[in-house]
Each structure stands twice: as C-alpha cells, then as structure tokens.
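Results of the structural survey
Now for the letters of each chain:
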Amino acid sequence: MNQPYLASEASLTSRINDYFSFIEGEYHLENKPGKETKEQPAPTQKMWDREPQPATFTDLALHLGFTSLQAFDNYTENGKFNETLKWGRLRIEASYERKLHAQSAAGAIFALKNMGWNERGEAKQQPEGPKTVTVTVLDSGPRPAGSEKEVVLS
C-alpha cells in the first residue's frame, strides 16, 4: 500500500501534529458591546469558528489517510514508522487520562480500560506469544450407553 503521508518520519510527525492542532478548534476574539469605559477598553470574548473536538483514534487514522482502524493498528504494530504512530496514540491516551480529573470521568475510565489500563492506572503488559491451555478430561460417572440395547429402565 503506497501511502504518501507515510513517506518519512518527519512528514508523519507533522501530520500527527496537524491533527492535534485541528482538534483544538478555531476562534476569534470579539469585543463585548456596551462594556467599554474611558478607563478600560471593552472586554473580549472568544467566538468559536470551529468547536474543539476530543482526540480519537478513528479521527487520527482518518486524518492520516488510513481506510480502517485495522490498517492503522497493523501499521502501528509493523510499519516502518510505528514508533511515531505509537507516539500519536499515546497523545490520545494522555487526553483520556486528563479527563479522569473531571467530575464525570466514566467515559474516560471505560476508554482507558479498553486501551489496556487496569484499576491502578498502569498499562497492562501484553503477553508475548500465544498462551498454551491444557485441558484434562476427568471421568465423572458411568460411561454413556453405546446403543439402545445397553439402556436399562427401572
């Protein structure tokens, strides 16, 4: 898959920074009418041209040009500039972590748990390699009948 936005680590870093700048929104300042005095100029207020947005993995993946989260995740694990994408993912995780200090942090807690956090706020270590499960079958009563002739009704 030829992805021009992943041409270099510097261009990928720039695109990630662009995403985080974009989600901050855009605003301009306007003077509040009727509040101006001779001693003090009119106070200004922030008027949003584009509202801020929360950081999400899906939005970051779309901003970088990926067509699915699976492709984004695969590149994060195996791509040439995977460390740069991990840095971008960590920035999103940090934004959720900051939300833990808000009055209602249930959504952030849910998201962080899905990112591998445990109750102590530490990221869970991913196991290396597949786990082996051993299953032992124990006898637990009489053997099942092999045919109808072996069934005795009492």
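To keep things clear, this report deals only with the structure shown in the data block. (Residues numbered from 1 in each chain as written. Predicted model: local features only at pLDDT ≥ 70, side-chain atom pairs only at ≥ 80, totals over all residues. Heavy atoms only, no water.)

Here's the deal with the overall build of the protein chain
This is how the line gets drawn: By the criteria applied, helices consist of DSSP H or I runs no shorter than four residues and strands consist of E runs no shorter than two, each listed in order from the N terminus. Throughout, exposure labels follow a simple rule: accessible area from a 1.4 Å probe, protein chains only, divided by the maximum for the residue type, with under 20% read as buried, over 50% as exposed, and the rest as partly exposed. The contact definition used throughout considers only heavy atoms, calling two residues in contact when any of these lie within 4.5 Å. To measure how exposed things are, a 1.4 Å probe is used in the Shrake-Rupley method; for residues, cover is taken only from the protein chains shown.
Looking only at helices and strands, the protein chain features five helices and two strands. If you list the helices and strands of the protein chain from N to C, you get α-β-β-α-α-α-α. Looking at the 154 residues of the protein chain, the share that counts as buried comes to 23%. Within the protein chain, residue pairs in contact and separated by at least 24 positions form 46% of the contacts whose partners lie at least 6 positions apart. Accessible surface for the protein chain amounts to roughly 12300 Å². Of this, 51% is attributable to carbon and sulfur atoms.

Thoughts on the environment of Thr76
Note on placement: Thr76 falls in helix α3 (residues 69-78). Distance from Thr76 to Arg89, taken between C-alpha atoms, is 8.9 Å for residues 13 residues apart in sequence.

What about the layout of surface pockets?
Empty pockets left among the atoms are what a rolling probe the size of a water molecule brings to light. Counted only if it meets this: Method remark: on a 1 Å grid restricted to protein atoms, a set of points is classed as a cavity if a 1.4 Å probe fits but cannot get out and as a pocket if it is open with protein on both sides within 12 Å along at least five of seven lines; lining residues have an atom within 4 Å of a point. Grid points are joined across faces, edges and corners, and a volume is the space filled by probe spheres set on the points. Each residue gets one of three labels, nonpolar for Ala, Val, Leu, Ile, Met, Phe, Trp, Tyr, Cys and Pro, charged for Asp, Glu, Lys and Arg, and polar for the others, Gly among them.
In this structure, the second largest pocket encloses a volume near 190 Å³. Every residue lining the second largest pocket is listed: Phe20, Ile23, Glu24, Gln53, Pro54, Ala55, Arg91, Ser95, Arg98 and Lys99. Here the lining of the second largest pocket takes three residues from helix α4 (residues 82-98), the largest share from any one element. Of the residues that constitute the lining of the second largest pocket, the class distribution is four nonpolar, two polar and four charged.

Brief notes about helix α1 (residues 9-22)
Applicable threshold: Working rule for helices: expected span equals 1.5 Å times residues minus one. Think of the arc as the fan of directions from the helix axis to the C-beta atoms.
With 14 residues, α1 should cover 20 Å at 1.5 Å per step; its first-to-last C-alpha distance of 20 Å lies within 8% of that length. Of all the positions in α1, only Leu12, Ile16, Tyr19 and Phe20 are classed as buried. One face of α1 carries all of its buried residues, which in axial projection span an arc of 95 degrees. Contacts made by the buried residues of α1 are with α2 (57-64) and α4.

Quick look at the pattern of salt bridges
We apply this condition: Here a salt bridge means any side-chain nitrogen of Lys or Arg lying within 4 Å of a carboxyl oxygen belonging to Asp or Glu.
Counted under the stated rule, the structure contains three salt bridges. In this structure, the salt-bridge partner of Glu26 is Arg50, at a minimum N-O distance of 3.3 Å. Of this pair, Glu26 sits in strand β1 (residues 26-31) while Arg50 is found in strand β2 (residues 44-50), placing the two residues 24 residues apart along the sequence. Of the charged contacts, one joins Lys86 and Glu83 as a salt bridge, the two residues approaching to 3.6 Å between their closest N and O atoms. Remark: Glu83 and Lys86 occur in helix α4; sequence separation between them is three residues, near one turn of the helix. Overall, Glu83 belongs to the exposed group, its relative accessible area being 53%.

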